[in-house]
Amino acid sequence: MTQDLSNALLNDLIGQMHALTEKALTEFQNATDKQSLYDKKVLFSGKNGSVTELMKKMGQLTPEQKPQFGAKLNEAKQKIEQLYQERETSLGQAELSQKLASETLDLTLPGFAPDRGGDHPVHLVTNEIVDIMARLGYSARLGPMVERDYYNFEALNIPKDHPARDMQDTFFVDDNLVLRTHTSPIQIHSLEKDQLPLRIVGTGSVFRVDSDISHLPHFHQIEGMCVDRNVSMADLKGTIAFFVREFFGPGLKTRFRPSYFPFTEPSAEVDCSCPLCKGSGCSLCKQSGWIEIGGSGLINPKVFQTAKIPYPEWNGFAFGFGIERMAIIKYGIPDIRLLPENDLRFLRQFEF
Ligand code: DAH
């Protein structure tokens, strides 16, 4: 091959190479997404791409021309890679701005309100009772839920084997420990610890082996106790009448029925007129027009004697009401079992 011919070949190859880079530029510009851009790049500089094809023709060149052409080839490869990178960056930016435009946040949309908690109706009632009694000078007390037999029974004048124990079916922890069946043991703790005269209101959980339409095995009571000088049945009635009126409002009536409790003498049961039927009789009040809310009475001298409090120098009254009963009456709840079920649809009605 003459010098001229071989120069012509070299120039032709270099020309082809330039054409290739030009073509790559337009092809890359025409690519509309990253994947098709990449596919096109492979057609140029991939293993079987056009650049490799050109490289194969290098064999036809003279030994002096080969490195010259090799250098040009490398330049072309780098150029194609650079064009590819540039186009890829701009495609990436375009994709990102398109994504941002289609996924814009509307900051004016209302957010999701978090669920708010509220007090359980049993706690609402408990707090309200304690507040009312506080206005009469009563201070709040709690006590253990697991009680010694002495506090739950013995000191309240309910001796072992006494038939009165049958009134309260008891969960026994062992021979000497019980889940308290009422809040009356709080009376004994107070008589042991507090200074006379005293006015206390105790609240909390109580437990009985009992479960039916109007009884729960775990429920709540409030216990009131006043120890002072010359306390009479009239003081008890006045206190309860005030308390019931403040709690239920003026519409409900209360009545006292003679009864028996070992720790009071005399004793009375306290009833409220039924809020659902207003006294005419319904299933809530078992057709009687009245709902029993608890017991009361003047403290039995035997209780004072066991607590070593001089009687009749000091005397007093006490009462104990069921908190669920009071909630039912106040809110007109048709079934006591709704209270421990904790169905949110029910509980939400009490978030004030
Ligand atoms: N502890 C009684 C009960 O749960 C209720 C009771 C009655 C409490 C008379 C009293 C009271 O304080 O004087 O059945």
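Residues numbered from 1 in each chain as written. Predicted model: local features only at pLDDT ≥ 70, side-chain atom pairs only at ≥ 80, totals over all residues. Heavy atoms only, no water.

### Quick notes on the overall build of the protein
Item 1. Each helix and strand in the protein was counted, giving 12 helices and 9 strands.
Item 2. In terms of overall dimensions, the protein has C-alpha extents of about 145 × 45 × 35 Å along its principal axes.
Item 3. Looking at the protein as a whole, 43% of its 352 residues qualify as buried.
Item 4. Once local pairs closer than 6 in sequence are excluded, the contacts in the protein between residues at least 24 apart make up 68%. (Helix = DSSP H or I, 4+ residues; strand = E, 2+ residues; numbered from the N terminus. Buried < 20%, exposed > 50% of the residue type's maximum accessible area, 1.4 Å probe, protein only. Contact = heavy atoms within 4.5 Å.)

### With respect to the sheet that holds strand 1 (residues 139–141)
Item 1. Ordered in space as 1-4-5-9-8-7-6, the 7 strands form an open sheet in which the pairing is mixed. What marks the edges here is a single partner per strand, and that holds for strand 1 and strand 6 (254–261). The mean inter-strand angle of the sheet, taken between neighbouring strand axes irrespective of direction, is 25 degrees.
Item 2. Sheet topology note: the strand 5 (residues 218–228)/strand 9 (residues 315–322) ladder contains 8 bridges and is antiparallel. Within the sheet, the bridge partner assigned to I222 lies in strand 9 and is F321.
Item 3. The sheet strands contacting helix 8 (residues 233–248) are strand 6, strand 7 (264–273), strand 8 (290–299) and strand 9, and the helix crosses strand 9 at an angle near 30 degrees. (Pairing = 2+ DSSP bridges. Axes fitted to C-alpha atoms, helices over the stretch in contact; angles between N-to-C directions.)

### With respect to the nonpolar core
A general trend in soluble globular proteins is that nonpolar side chains are found buried together.
Item 1. Ranked by internal contacts, the top residues of the largest apolar core, which has 44 residues, are I129, F243, I293, F317, F319, F321 and M326.
Item 2. Counting 22 residues, the second largest nonpolar core, distinct from the first, contains I186, L191, L198 and I200. (Core = buried A, V, L, I, M, F, W, Y, C linked by side-chain atoms within 4.5 Å.)

### Remarks on unusual backbone geometry
Item 1. Here the residue pair L196 and P197 is connected by a cis peptide bond, since its omega of -5 degrees sits within 30 degrees of zero.
Item 2. Note on placement: P197 falls in the loop between helix 7 (185–193) and strand 4 (198–207).
Item 3. In this structure, the amide linkage connecting Y311 to the following residue, P312, adopts the cis form with an omega of 10 degrees.
Item 4. Among the structural elements, P312 can be located in the loop between helix 9 (301–306) and strand 9.

### Side note on the site of the ligand
Item 1. Contacts to the ligand come from 16 residues, most closely from H182, S184, R208, Q221 and E223.
Item 2. Here Q187 contributes a side-chain N or O atom positioned 3.1 Å from an oxygen atom of the ligand.
Item 3. Out of a free accessible area of 360 Å², the ligand has 93% covered by protein chains.
Item 4. Looking at the shell around the ligand, the elements with two or more residues in it are strand 5, strand 8 and strand 9.
Item 5. Here the shell around the ligand is built from residues that sort into 4 nonpolar, 10 polar and 2 charged. (Near = heavy atom within 4 Å. Polar contact = N/O pair within 3.5 Å; in protein donor to acceptor, adjacent residues only side chain to side chain. Areas by Shrake-Rupley, 256 points an atom, 1.4 Å probe, with all protein chains shown as cover. Nonpolar A, V, L, I, M, F, W, Y, C, P; charged D, E, K, R; others polar.)

### A word on the pattern of salt bridges
Between side chains of opposite charge, a pair can form as their charged atoms come close.
Item 1. Summed over all chains, the structure comprises 14 salt bridges.
Item 2. A salt bridge links K330 to E128; its shortest N-O distance comes to 2.9 Å. One end of the pair, K330, is in helix 10 (residues 323–331); the other, E128, is in helix 5 (residues 121–134), with 202 residues separating them in the sequence.
Item 3. A relative accessible area of 28% places K330 in the partly exposed class. (Salt bridge = Lys/Arg side-chain N within 4 Å of Asp/Glu carboxyl O.)

### So, the packing of aromatic side chains
Item 1. For the structure shown, the criterion picks out 13 aromatic pairs.
Item 2. Each ring, one from F319 and one from F321, has its centre 5.2 Å from the other, and the planes form 40 degrees; the classification is tilted. Taken individually, F319 and F321 each receive the classification buried, so the pair is uniform in this respect.
Item 3. Of the aromatic side chains, those joined through ring pairs into one cluster are F243, F247, F248, F319 and F321.
Item 4. K41 extends its terminal NZ or CZ atom over the ring of Y84, reaching a point 4.4 Å from the ring centre. (Phe/Tyr/Trp six-rings, centres within 6.5 Å; stacked < 30°, edge-to-face > 60°. Lys NZ or Arg CZ within 6 Å of the ring centre and 35° of its normal.)

### What to know about the domain arrangement of the protein
Item 1. Domain assignment breaks the protein into domain 1 (3–102) and domain 2 (121–350).
Item 2. Centre-to-centre, using C-alpha coordinates, domain 1 lies 94 Å away from domain 2. (Domains from an automatic or database assignment.)

### Focus: a nonpolar patch on the surface
Item 1. A cluster of nonpolar side chains, contributed by M145, V146 and V173, occupies part of the molecular surface with about 240 Å² of accessible area.
Item 2. Examined against the element boundaries, V173 turns out to sit in the loop between helix 6 (149–152) and strand 3 (177–179). (Patch = residues over 30% accessible without salt bridge, like charges linked within 9 Å, V, L, I, M, F, W, Y side chains within 5 Å.)

### Digging into the pairing of strand 8
Item 1. Among the 10 residues that make up strand 8, 8 are buried, leaving the element largely enclosed by the rest of the structure.
Item 2. Two strands pair when backbone bridges link them, and strand 7 and strand 8 are joined in this way by 8 bridges, in the antiparallel orientation. Considered in strand 8, the bridge of S267 is made with G297.
Item 3. Across 5 bridges, the pairing between strand 8 and strand 9 is antiparallel. Bridge assignment links G295 to a residue of strand 9, and that residue is G320.

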